[in-house]
Each structure stands twice: as structure tokens, then as C-alpha cells.
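The chain contents come next:
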Amino acid sequence: MIKVALRGLAGRKLRAALTGIAIVLGVAMISGTYILTDTVESAFTNLFTDSYAGTDAVVTGKGLDISIDGEKPPDPPVDASLLDVVRGVEGVALASGSVADEDSTKLLTSDGEPVNSEGWPTLGFGIDTAPAFAQFNPLKLYEGRWPTAADEVVIDAGSVDEQGWEIGDTVQISTLQPKRAFTLVGVAQYGEVASLGGISFTVFTIPTAQELLGREGQYDAISVAAREGFTEDELVAAIEPVLPKDAKAVSATAEAQEQTDAVGEFTKFFRYFLLAFAGVALFVGAFVIFNTFSITVAQRTREFATLRTIGASRRQVLGSVILESLVIGLAAALVGLGLGVLLAEGIQALFKSLGADFPTGDRVFATRTVVVSLAVGVGITLVAGLFPAIRATRVPPIAAVREGATLPQSRFHRFTPWIAGIVVVVALLALARAMFTDELGTGDRLLSIAGGVLLLFLGVAMLSSHLVKPIARVVGLPAHTAGGVAGRLASGNAVRNPGRTAATAAALMIGIALVSFIATLTNGMKASNREAIEEQVIADYVLTSQDGYTPFVAAAGDALAASSVPDLVTSVRSDAGLVDGDSAEIGGIEPGTIAAAYDFDWRDGDNGVLATLGTTNAVVSSNYAEDHDIGVGSVLTLRSTADRTATVTVVGTFEPPPFYPLLESVNVSSELFDSLYDRPRNRWTWANLAGEPTDESRAQMETAIAGYPDTQLETREEWIDREDADFNEFITFLYVMLTLAVFVSIFGMINTLVLSVYERTREIGMLRTIGMTRRQVRRMIRQESIITALIGAALGLPLGIFLAALVNRALSEFDVRFSIPWAQLIVLTIVAIIIGILAAIMPARRAAKLNPLEAIAYE
Amino acid sequence: MSESHNGAVVVARDVTRRYGEGETAVDALRGVSVNIAAGEATAVMGPSGSGKSTLMHILAGLDKPTSGDVELAGTAITQLGDNALTKLRRDHIGFVFQFFNLLPMLDAKENILLPLTIAGEKPADGWFEQLVADVGLTDRLSHRPAELSGGQQQRVAIARALVSKPTVLFADEPTGNLDSSTSHEILELLRRSVDEYRQTIVMVTHDARAAAMAHRVLFLADGEIVRELGESSAHDILSVMEEVSAA
Ligand SMILES: Nc1ncnc2c1ncn2[C@@H]1O[C@H](COP(=O)(O)OP(=O)(O)OP(=O)(O)O)[C@@H](O)[C@H]1O
Ligand SMILES: [Mg+2]
């Protein structure tokens, strides 16, 4: 029996291969995701382990316990005099201070543009490179020497290669100070890390780093090595007593672990995000496999019946079909596993093209990757193949002698609409629970959404065999009326086997539904974004950092303000802090000018209260006021990351559009803000011109800020357009990832068509003998494929819009617009037609190649 | 209707057909020459494997001879490409199969009209009505094949073969799948088409009664035409058949 099954499989290689591809792509995505994220994680881990290789303890400032969206601000610096104190501690063999800043050091290209403008860290270091302290230095010098003079730097190998710099070249670098020229004296890299991806670093001498990065008289960290015989923990215990209360000592192991954990969080999120796409592809693959097995089982009715007449038991028939799916599943999973290596490279390239270039080292191929990929691949194939296998056992032996015997209906056939109905209802309940229950954890909510969506797809797919006929009548209309006889036959063929067409179309439906869901939801978001900016900002120009969101050095805003061109310039500061003990972003606004650029929608108060801000008052957003049950007259205690506090009284509440509030929740005057923070940064600087903006006035303003190349000046319209474009980039990424699932469904369509052509060999032969040309045959198959694809679109588009509407309701607190992107949906429909045409190429060619004689002689 | 010089609509000269190569090669036809005259019904008989179907496929342009020439309606078809052959089939050939080969999703009327639809043509005024009346399907036109009996299905198939008024109608064991009384009806129908429309028919059959309605009976054995009879009784045909099979 096993032999029979394997022989049968060997005889249907093309079908087996097409079926397998449905699983290959999904498994490749799983394995690729694991390989990529493991590799990135290991690169980061190496980076941190390297960083602390020769260090036993680290002394830093004690940061406040602030965490905004899971991100912690870096620890504050310590006073430089602490170095000598630490050196004096019993047990300390060696100690050295260093400066490290994450995002202020911008290397500039020869055109004066920042090398990295995508939001990756742009590290700036001041490291004691004396040979005595080499053990604290995580960097390896590839070429040249370490900097010794104020105008000398060492730059990371990646940036140097990319820019084609040579030792001795002059490189422009901007920091918290306006840009300055430096001489490249060396090239370095982290020891074990092959590529830092988008991250760049620059090494200055310590005094230079202190000056440029706002650390005069300070170190960001003091690295300490223990004397022989002292453990890390003993060293920490020995140092702690001499430290002031705003500093702390941590063992190097703990410090590295903390950083590794933070990266682990990121890669975990990233991993699940990518796995979700693998899940979609596999879900679609399951449909394809189910469908293919159903068709082959139906076509092999005779064969199963013959096996039964010669004595095979039901169990043996079941076993033979299951064995087939096992073999296909395993083979496909193995191919997918290998393909994952390529896909990992592909995804990484995709991210790189979007400006997200990850650090990498040696490729990590974990055992877990192999186990999960194989288990999922084989498991899904088995599950999807089970129902058809059970149906095969229901073939009665008598079918062997009957002409045109068909597979008996499943016992549950009558109930499928009801079961489908129940599945849809359960799906809707799960979705409703996810969206409208308040006290649900994020994990629970996501699980509920994912489960609901999957069930919804399943339910609609089950129902769709009943929808195929009416839908085909509509979408088949053009083919039927204008497609000639081929079109008429095609629309007939499409509904001949509604279950088959439905399952084929359902696979495509899933991809189309997800794309239209994203298109609809994000279309509303883009509209909301535009409206939010237009409602709030009444300025002509906006100055932001190059990436558009990282706060930039306040001096850039001042430089613009110093220019005589703009009529009015106002800056909005922003930084993390504690408000009444809770983490919050604190904003700083300029009372005299802000109202000319920002249109406050006051809840309580008016523009007049701005003048009263002084150093003792604040205005807060109504959202914040509600959440914290405060109002005008309430007193708030602010604490900055520099650990300075202020007490302010709320004098006004305003209501920014919840989708995109441009001011922070709690805003004080810039004067107070600047006294709280050492290195104040702007989130926005807005400028108004007296007259109409001209190229000339713009050029003059550009000149005024030329010393701050990490900033960009845009008109309000350009700003909105850029945010749109950035968002579009992300949406495109989602689409690209979803094409994987669409590809799987295309293979499903090809498979169904090939099987149908095979099944109708004699019929096609007859058509050829009575005068159908090859072209007409091809057209007939193509039209059938297009009709199937359009059924997928007809199911998927409304489903996607429905899901978008649902999520839109769930996001009602953010006031997201709901707007159906008609143009995109039409494009999507055209894409469906193209998919239909593509899927038909091979099957149509096979059908047209059928020699009429072979076709009629065929049995 | 185009005829060649000697009044034949199908002319085969020294046709051979070899399947396979080398030691396993089978010579299905070993030099067959035959002329099919217009308006005549020709029956082809012979033992199983004697090459009947092969000959018919070659005459109808569905298969190519290994050597020899075939002319159909004045056109040499052995060298024609697929598109030209398809065109030729549309204009000159009707085909009736043993298995009816109707399209299940089309009703009887659509099935009958299919050859014209494929060619993008319409039947001449009254022709379709007359045809369906002649084959006795007037009240079954909106039925699908699954709703028709075997005999009715074959009548649909015959009507489909006749609707384009082909030069020659080929039928390969058209009654092979039917019981004897239904077979009789179908044969009557074919015969009437010869008498009434002067339809040229070439029919492969194992049934002497079927052959008895033909103007001419060819006997094939081992890939060669070994005997030929004019219009004969079933009894005579049967005895020749026995002779041929015994040889
Ligand atoms: N496609 C093929 N490949 C190889 N040999 C073939 C092929 N088709 C027919 N033959 C051989 O050619 C010979 C003639 O076959 P053909 O089908 O013409 O016989 P037939 O007279 O129609 O027989 P039957 O009465 O059984 O239908 C047979 O020996 C057959 O085995
Ligand atoms: Mg035969």
C-alpha cells in the first residue's frame, strides 16, 4: 500500500510540486525570519559583550525611572572628578572615563548631507585610547591611529567604505555644535561585528567629545577593572560607598545583560511581526493544499474504488493519502527551510532599501529554526490533507465499475452552511471582544483579533461555495458577453465545481482582503494625519531633524530665529521626564510666539494664559488632564532626566487632535524647560514669513541653518507630503510582505487549473476536433482563471473594507478618519485580473498543446 | 462542396502509420489507398486492432500519416499546420464519438450549436430548427446532457456534427455505447442524413447491421484494406467479416 501511494505520487510530480510550493514559501518565511532575527540579535549581543570584555564594573549617573513606550532615556553623565575618586578605591586596578552620545554626532557627506538620516544611532565617543586603557576600548583599529588632537577623528569602517574616505581626508561633522572639519586619522570597528548596518560611530579625543557633546567636566561612564582576586560583585560593593547619590555602579555582566535584553525585546517584536506574515502565507497554503488534495482525491475515485475491490481497507486508503501529504509536507518543509536562508537575505535587503540596515555577523542557523520549520510545514500539510483523505475512504468499491462515478458527498455536507455560519459568528464575536472590551491585555487583544480574522476567512471561504455562482454571474459578465465562445465556456467552467472554485478563490481572497484592509485603514490614517497638522499648524515653514522625528539641537532653532528673513520663529522643546512621579514627555514652548504658529484649541483658558506661563505655570492637553483627573489650578511636580525638579500650576487645558498631537501633554515655558534640561532639544521649530514664501527667502533661511546639516526646512505642505511618503514606504513594505501569501494563492490557482485541464482532457480534445483553435482554448482557460481571481477580489475587497471599518471603530479614541481608497481598490481589482492571467499561462499552454487525437483517445 | 477531380471528397494514397520506433514499432496502417465519394456512406469494419480508428483519424486530419498523402475537400492536409487544420475541421468535418463528449454545463441547444459558436457563425435560417426536428430533439433543447438518455445524448452529438453541414462526417463506433434498439434509431438517423442531405459519412463499426446501411463497406485487417463490398445485406457483411477475421 505504501508502495502504491509513493508510486502514485511519483506519477503526479507536477501536481505534487505545485502543492508543495504552497508550503515551501510559508516555511521559508518562518526559517528566514528566525535566521535573520537570530543573526541580528547575535550581532548586537556580540557588540555588547565586546564592549564590556575587559571591564568589570561601570559607573554612570543614576537615571530616573522613566520609560516612555518601553524606551528608557540613557543614563545621565557623572562629574569628571569622580574618576579619581574611583581610582582610589581598594580593589580597583584600572579606571577610565569615556563620553558616549547616541544621536548627536552626524558625519556629513561631501554634499553636506548627513551620512545616516534614518534614525539609526549615530554614536559619538570620547575614549581614552592610551595603551594602558586598551582593555576598556571595545573598538579595534583597522587602519591608522587613534586621535590625539582636537581636530582628529577615527570613524567606523562601514561609513568610511561607503563614503570612500581615505586616511588624511577632511570630514565635516556636526554635533551639538555647528559642523566642523576634522581629519580622519584611523578606521575602526567593533571586534566581532561584520557590519554595523545603519549605525555609525565617530571617536574624538575625550576633551573634544566633552566640548562637542555637551559634557564639559563630565563622563558618561567610568569603566573599572578589578584588581586580581576581586570579583565583579565585590568590586561594585567596594565602589558604591564612595559614589555620590546621583551615581551608581553596575557590574559589567549586568550592564551587558541589560542592553542585550533591551535588544532582545526589539528582536522579539520584530520576529513576531515577520512571523505573522509567514502565518498568513501558511494559512493560504493550507487552503491550496486542502483544495489540491480534494481535487486529486475526486479524480482518483476510480483508483480508490479499484483498490477497495481488490481488498484494500478504508484504513489503508486513508493511510495512503495521508502518507502522500506527509511526503509532500516534509519535502516542501525541507526546501522551505533552505530557501529561508535566501529569504533572510531578501528581507534584510528589503529593510535596507527602506533605510533600516541591521548590524550583522555570522549567520545563525539555530536548531529551533529547523525544528519549528519542519514541524509547522509537515503539520499544516497533514491537517489540510486530512479531510480529503477521509473523503477518499468513503469511495465505495462499486465506483470502480460505474462509468463517471463521482465522490460521494461528505456526511456533513448538508450542514456546511450552518457550520460556516457558526464559524463566522464566532469570528465576529472574537473580533468584537478584541475591539470593544476595554480591560483586555495587548497580547489577548492581538490573539483575539488574529483568531477572529482567521476564523472569519475560514467561515467566508466555507460559505463562498454558495456565493460562487452569483458572483461568477456578475464578474463573468464581460467574459460571457464579450469573450466569445471561449468566454462563455469559461464562465460555465468556473461554476461547474463551485467548491473547487471557491477554495481557489478563497486563497486569493485572503491576500486581497489583507491588502485592502491595510489600504483602507491607512488611507483614513493619512487623511487624519493631514487634517491634524493642518488644524494645529498655522506656520509657513517647519524645521525638523532629517528623519523628521528625533529632536534636534536647540541651537539650530536659535540660528533660524537669528535670521532676519522670517517674521516669527518659535521652537517646541521636548524631552522625557517625570510628572507627579509618572513617565511623560515634557514640552517647552515660547509663550510670546507659539500662538502665532500653533492654533490652540482651548478647553479651559485662551491664548492669554500663555503669557502667564513664566517659570511656574503649565498648559496640559485635555487628554492628560482627564486621565490624571486634574484641571486648571492643579499643581504638578516635574522632574527632568538631569534630576532637577520644578513645581508648576496648570493654567490652561487644550485639545489637540488625538491622532497626531504636535505638542506634548505637559508644556511649560522654554525658559523653565531650559533650566530643567542640560542639552535642550527641539521637536519642531516653526517659522512664519511676513509675505509669501519665495525661493529667495527660503535660500536665505537655509543659509542661516547651514551649520546644522541634520535639520531640514520644509513648507507645511512639504512636511505633510513627506510624512505621507514615509508612511507610504511602510505600507509598501507591508504589501511586499503580503505578496508572499498572494504568490501562494497564485500557485493554488495554477494547480487547480492544471488539474481541471487534466480532468477535461477529453472535452478539450472534442472542442479541438469540432474546430476550436489553440488560441481559443488558451483564451477559455485564461478567462476561467480571471473569473476565479475576480471572485477572490469580490470576496476579499469587501472583507478587507469591513475589517478596516471594525478596526477604525476600535481606534475611535484617536479619531481616525474612515475613507475608502477607491482608486487603490480599482488597482487591486486590476491586479487580481493580472494574477488571473499569470496563473493561466502554464495551464492554458498545456491545454492548447493537447493533441485532439490524444485527447479523445484519452481514458 | 468542393470535390477533387475524380468526384472524391477524401482521397488517401498509400497511407502508412507506424507507432513507436525500433523493435517495439507497430505498423497500424501498411499502405492504405482509398477514395471517399461525395454523398456516400462508407462503413469501415475489421477486427480489433486492425487500424480502423487510426485510418479515420488520419482521414479526418486528427493524426498524420507516417507516409502517404491525404486530400480532403481538394486540400492536401498532410502538411498543414494546426491553425489551417482547425479551420479545415470547422468547414469540412463533423465528428461523432463513441463517448458522446458533450459539455456538461451547456444545454442541448448550446451543445449542438457549439461548432458554429466556436467559428463565430450562425446557422442559416431554418436550418437549425429543421435539424433538431429531424433528430427529434425539439422538446429537449433546454436540457443538459445529464438530463438526457444515452440515445438522446448521441443524437445531440450527431446534430452537433451535422450543424455546420460538413463535407464529411466521421463516426467512430457511434453506437458502441448504446443498446440495440437505441443503436437502430441512431443508425436510421445517420442513414437519413445521407439520403436527405446527401451527407458523406465514414463510419467505423463492429455491427454488421450498421454496415448494411452503407453504400460501401471497407474491410481492414492488419493495417490493410483486404476486402470491399458495395451496398450489402447484414448477412453478407457478417460472412465476409468472419473470413477476414479468420485470415
Ligand atoms: N497511440 C498509439 N501508440 C501505439 N500504438 C497504437 C496507438 N494507437 C493505436 N495503436 C496500435 O495501432 C493498431 C491499430 O489501432 P486502432 O486503434 O486503429 O485499431 P482499431 O481497429 O480501431 O481497434 P478497435 O476495434 O479495438 O478500436 C493497434 O495495434 C494498436 O495497438
Ligand atoms: Mg478503434
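Our structure is the block above this text.
Every chain is numbered on its own, with residues counted from 1 as its sequence reads. All chains are assigned letters beginning at A, and all ligands numbers beginning at 1, according to the order in which they are written. In view of the model being predicted, local features appear only for residues whose pLDDT reaches at least 70, and side-chain atom pairs are presented and counted only at 80 or more, with totals across whole chains, interfaces and linings using the full set of residues. Only hydrogens and water are removed before side-chain values are computed, so all heavy atoms of the structure are retained for them.

**Description of the sheet that holds strand β9 (residues 216–221) of chain B**
Residues and elements named next belong to chain B. Within the open sheet, the six strands sit side by side as β6-β7-β8-β3-β9-β10. Their pairing is mixed. Each having just a single partner strand, β6 (93–96) and β10 (224–230) make up the two edges of the open sheet. The mean inter-strand angle of the sheet, taken between neighbouring strand axes irrespective of direction, is 20°. One requirement defines pairing of two strands: DSSP has to find at least two bridges between them. The numbering of helices and of strands both runs from the N terminus, where a helix is a DSSP run of H or I of at least 4 residues and a strand a run of E of at least 2. Bridging between β9 and β10 involves six bridges; their strand directions are antiparallel. Bridge pairing in β10 places R216 opposite G230. To get an axis, fit a line to the C-alpha atoms, keeping to the stretch in contact for a helix; angles then go from 0 to 180 degrees between the N-to-C directions.

**Quick word on the nonpolar core**
L139, F201, L274, F457, I510 and I791 of chain A are the most contacted members of the largest nonpolar core, which has 131 residues in total. Split by domain, this core shows at least three residues from each of two domains, domain 1 (77–245) and domain 2 (465–535 + 717–859) of chain A. Throughout, a residue-residue contact means that at least one pair of heavy atoms, one from each residue, lies within 4.5 Å. Excluding its chain neighbours within four sequence positions, the residues that come into contact with L139 of chain A are F125, I127, W146, A188, Q189, Y190, F201 and V203 of chain A. Listed in part, the 56 residues of the second largest apolar core include V15, A38, L88 and L114 of chain B. Within this scheme, the nonpolar core is defined by two criteria: the residues are buried Ala, Val, Leu, Ile, Met, Phe, Trp, Tyr or Cys, and they are joined through side-chain atoms within 4.5 Å. For every residue, the accessible area (1.4 Å probe, protein chains only) is compared with the maximum for its type, and the residue is labelled buried under 20%, exposed over 50%, or partly exposed between those bounds. Domains are outlined according to an automatic or database domain assignment.

**Quick look at the site of ligand 1**
Residues and elements named next belong to chain B. Close to ligand 1 lie 13 residues; S48, G49, K52, S53 and T54 are nearest. Here a polar contact means two N or O atoms within 3.5 Å. Within protein one must be a hydrogen donor candidate and the other an acceptor candidate, and residues neighboring in sequence count only if both atoms are side-chain atoms. Between ligand 1 and S53 there is a distance of 2.7 Å, counted from an oxygen atom to a side-chain nitrogen or oxygen. Per-residue accessibility takes into account occlusion by the displayed protein chains alone, with areas from the Shrake-Rupley method and a 1.4 Å probe. Relative to its free-state accessible area of 630 Å², ligand 1 is covered by the protein chains to the extent of 58%. Those elements that provide at least two residues to the shell around ligand 1 are β2 (26–37) and α1 (52–59). Here the shell around ligand 1 takes three residues from α1, the largest share from any one element. Looking at the shell around ligand 1 residue by residue, the class counts come to four nonpolar, seven polar and two charged. Put simply, a residue is near a molecule or strand once any heavy atom of it comes within 4 Å of that molecule or strand. Classification used: nonpolar for Ala, Val, Leu, Ile, Met, Phe, Trp, Tyr, Cys and Pro, charged for Asp, Glu, Lys and Arg, polar for all others including Gly.

**Description of a nonpolar patch on the surface**
The patches described consist of residues with a relative accessible area above 30% and no salt bridge, like charges being joined within 9 Å and nonpolar side chains (Val, Leu, Ile, Met, Phe, Trp, Tyr) within 5 Å. The salt bridge criterion pairs a side-chain nitrogen of Lys or Arg with a carboxyl oxygen of Asp or Glu, the two atoms within 4 Å. A surface patch of nonpolar side chains, amounting to about 450 Å² of accessible area, comprises I826, I830, I834, L838 and I841 of chain A. Residue classification places L838 of chain A among the partly exposed residues on the basis of a relative accessible area of 45%.

**Focus on helix α11 (residues 416–436) of chain A**
All names here are of chain A. Expected span of a helix: the number of residues minus one, times 1.5 Å. Here α11 is 21 residues long and its end C-alpha atoms lie 30 Å apart, about the 30 Å a rise of 1.5 Å per residue gives. Listed as buried for α11 are A420, V423, V424, A427, A430, L431, A434 and M435. Along the axis of α11, the buried positions cluster into a sector of 125°, meaning they face one direction only. More than 90 degrees from the buried face of α11, the exposed residues found are W418, I422 and L429. The directions considered for the arc are those from the helix axis to the C-beta atoms.

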